[in-house]
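Single-letter residue listing:
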Amino acid sequence: MVMLLNTKVRSPGSATVINAISTGYGSAFGIKLYVNAEVKFKGPKSSILCETDSFVDTKLMELCVEKVIERFGILRIGGELKYLDLQTGVSVKTTSTLPAASGLSSSSATSNAVVMATARAIMNEYGFELEDAGLNELDLLNLAIDASLEAGVTITGAFDDASASFFGGLTVTDNMKRKILQKKNMEEQNILIHMPDRKSPTAKSDVGRMKLLAPWVKMAFDEALNGRIYSALTLNGLLYCSALGFDSNIALDALDAGAVAAGLSGTGPSFVAVANNRNADKVEESWSSYPGRVIRTGVDNEGTKVVRSG
């Protein structure tokens, strides 16, 4: 009989530098807003019980567990073929400080957290590590992306968002090939987020209009590749505002107040501004006349991590 284990994983959201929908190339960085996932083995065999304190899609959570169990079902560990047959069900609970359907990678953070927590619980139970089975962290990331695609919560698989959430810091990516082109720590700055009183699920966005932006988003992506992250974020954010019908004045007011970068994150509705300590209060004040709320946070360079194991 499988022991009752309780594994907890924390996964950060991310803010957009380059939205990959128009070109297939993207960039994002981790932020200190989190989805926490706890996994226990209990209940009838093959059952998956999901519980959440937010508007997270429990179908996504179920798919994450299924993907891990399927992938870990037969593994070659230490040269020996092993069949890992869980004799119990899986219970998953998520809690979050990351607003859902906000353009801040809540789906990617959920997928990453649930996949890693499930995988770590199984590894604890059977006594092996990823490398013992010829696996690595990218394998877990890809399982999370596969679950997000199957659940229909992403258009491209969001490899840029998912990789920034998984590894922390800044990633620049080829989303179609699921390849990280650049990965590095993001400098510590104040991250201010304007959250309007509405949601904007990525999967319901107008892809056709976003693809019209491709030549100009490519220019923004080149800025990111060359290390000019703040100009890339601002240009990308203003472009997607125009395509998706968001008020670009929100970003412009932040820039006028001293933000080093500001723009729409993901497909909205949230806007992200980057500001130093001297101007952060001014940026926050510049958004006080807009309906909604302002969240003040920071850069996450740690990524998805186990905070309790067993």
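Criteria and cut-off values
Note on numbering: residues in each chain are counted from 1, in written sequence order. Thresholds applied to this predicted model are a pLDDT of at least 70 for local features of residues and 80 or more for the giving and counting of side-chain atom pairs; totals over whole chains, interfaces and linings are not thresholded and use all residues. Just so you know, side-chain values use all the structure's heavy atoms and leave hydrogens and water out. What counts as a domain boundary in this text is fixed by an automatic or database domain assignment. Here, two residues are considered to be in contact whenever any of their heavy atoms come within 4.5 Å of each other. Buried area counts how much accessible surface, traced with a 1.4 Å probe, disappears from two parts once they are put together, with both parts' losses summed. By definition here, a salt bridge exists when the distance from a side-chain nitrogen of Lys or Arg to a carboxyl oxygen of Asp or Glu is within 4 Å. Any N or O atom pair separated by 3.5 Å or less is treated as a polar contact, with the protein-specific requirement of one donor-capable and one acceptor-capable atom, and with residues adjacent in sequence counted only for side-chain atom pairs. A run of DSSP states H or I qualifies as a helix once it reaches four residues; a run of E qualifies as a strand once it reaches two. Both are numbered from the N-terminal end. Residues are grouped as follows: Ala, Val, Leu, Ile, Met, Phe, Trp, Tyr, Cys and Pro are nonpolar; Asp, Glu, Lys and Arg are charged; all remaining types, including Gly, are polar. UniProt positions are given in the numbering used here, feature names are shortened, and annotations may be inferred rather than shown by experiment.

## Some words on the domain arrangement of the protein chain
- In terms of domains, the protein chain is made up of domain 1 (7-185) and domain 2 (190-298).
- Computed from C-alpha coordinates alone, the two centres of domain 1 and domain 2 are separated by 26 Å.
- Contacts between domain 1 and domain 2 engage 32 residues on the former and 37 residues on the latter.
- When domain 1 packs against domain 2, the two sides together hide about 2600 Å² of surface, and 69% of this comes from carbon and sulfur.
- Here domain 1 is connected to domain 2 by 0 salt bridges.
- At the junction of domain 1 with domain 2, the criterion picks out 14 residue pairs in polar contact (both at pLDDT 80 or more).
- Only β1 (6-18), β2 (25-41), β7 (170-174) and β8 (179-184) provide two or more residues apiece to the side of domain 1 that touches domain 2.
- Among the elements that take part in the side of domain 1 that touches domain 2, β2 stands out by supplying 7 residues, more than any other.
- A per-class count over the side of domain 1 that touches domain 2 returns 18 nonpolar, 12 polar and 2 charged.

## What to know about the UniProt feature "domain: GHMP kinase N-terminal" (unreviewed entry) in the protein chain
- Using the residue numbers shown here, the UniProt feature "domain: GHMP kinase N-terminal" (unreviewed entry) corresponds to residues 82-169.
- Taken end to end, residues 82-169 comprises 51% helix and 10% strand; its first and last C-alpha atoms sit 36 Å apart.

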